[in-house]
Amino acid sequence: MTIIQLFNGANLFVLPFWALMILLPNWGVTRKVMESYLPFVALAGLYVYLFITSITPESAEALSNPQLADIARFFADEKAAATGWIHFLAMDLFVGRYIYWEGQRTGVWTVHSLALCLFAGPMGLLSHILTSWISKIFTSSSESDTATPSTDTTQA
């Protein structure tokens, strides 16, 4: 397989997982699929393969003491760029899986955070954290509003 085929295959590989989490979050099949670590094993395996085959003595030296210009030169190579992209795909999907399971556990709405995470993982994570905080504020506020006032009729 060529590097382009591996890159395109990895991009397509993650889409069903994102589609399940975003479009069918409460479906039993989605829960079963998202319990598995196999997607991450596949992505990590591809990452390790690309990482090992893209490292040269020069790039290893650059990565051991990272300077922005050296990193930019490293990622100018297609195989190195594909390796970095697979890293993003794996980590974003892992963060998306965390957001998905937190939403399932707490009942916090996650669709918007998952969609953001698909395209920009850290923004999706931040969105989920903020959504969770806001949800807790409204939940605790509504719980205190529905609490019954004390009916103590004794007078001092």
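How each quantity is defined
Residues numbered from 1 in each chain as written. Predicted model: local features only at pLDDT ≥ 70, side-chain atom pairs only at ≥ 80, totals over all residues. Heavy atoms only, no water. Axes fitted to C-alpha atoms, helices over the stretch in contact; angles between N-to-C directions. Helix = DSSP H or I, 4+ residues; strand = E, 2+ residues; numbered from the N terminus. Parallel < 35°, antiparallel > 145°, perpendicular 65-115°, else oblique. Left-handed = near helix turned anticlockwise from the far one by under 90°. Contact = heavy atoms within 4.5 Å. Buried < 20%, exposed > 50% of the residue type's maximum accessible area, 1.4 Å probe, protein only. Polar contact = N/O pair within 3.5 Å; in protein donor to acceptor, adjacent residues only side chain to side chain. Phe/Tyr/Trp six-rings, centres within 6.5 Å; stacked < 30°, edge-to-face > 60°. Lys NZ or Arg CZ within 6 Å of the ring centre and 35° of its normal.

Here we look at the packing of helix H1 (residues 3-23) against helix H3 (residues 38-54)
Relative to each other, H1 and H3 sit at 160°, their axes nearing to 11 Å. Comparing their axes, H3 and H1 come out roughly antiparallel. Considering only the axes of H1 and H3, their crossing is left-handed. Across the interface between the two elements, Ile3, Leu6, Ala10, Phe13, Val14 and Phe17 from H1 touch Pro39, Ala42, Leu43, Leu46, Tyr49 and Leu50 from H3.

A word on the environment of His112
By secondary structure assignment, the location of His112 is in helix H7 (residues 111-119). On the accessibility criterion, His112 (23% relative accessible area) is partly exposed. A C-alpha to C-alpha distance of 35 Å links His112 and Ala69, two positions 43 residues apart in sequence. Here His112 is in contact with Ser127 and Thr131, once residues within four sequence places are set aside. Separated by 3.4 Å, the side chains of His112 and Ser113 make a polar contact.

Considering the packing of aromatic side chains
In the structure shown here, the tally under the stated rule is 7 aromatic pairs. Summarising the aromatic geometry, the rings of Phe7 and Trp85 are spaced 6.3 Å apart at their centres and angled 45° between planes, so their arrangement reads as tilted. With Phe7 in helix H1 and Trp85 in helix H6 (residues 78-106), the pair connects residues that are 78 residues apart, well separated along the chain. Judged by relative accessible area, Phe7 falls into the partly exposed class, the value being 29%. Judged by its relative accessible area of 36%, Trp85 falls in the partly exposed class. Through successive ring pairs, a cluster of aromatic residues spans Phe7, Trp85 and Phe88. Over the aromatic face of Tyr37 sits the side chain of Arg97, whose NZ or CZ is 4.5 Å from the ring centroid.

A word on the side chain of His128
Mapped onto the secondary structure, His128 falls in helix H8 (residues 121-146). Excluding its chain neighbours within four sequence positions, the residues that come into contact with His128 are Ile99, Glu102, Gly103, Val108, Thr110 and Ser113.

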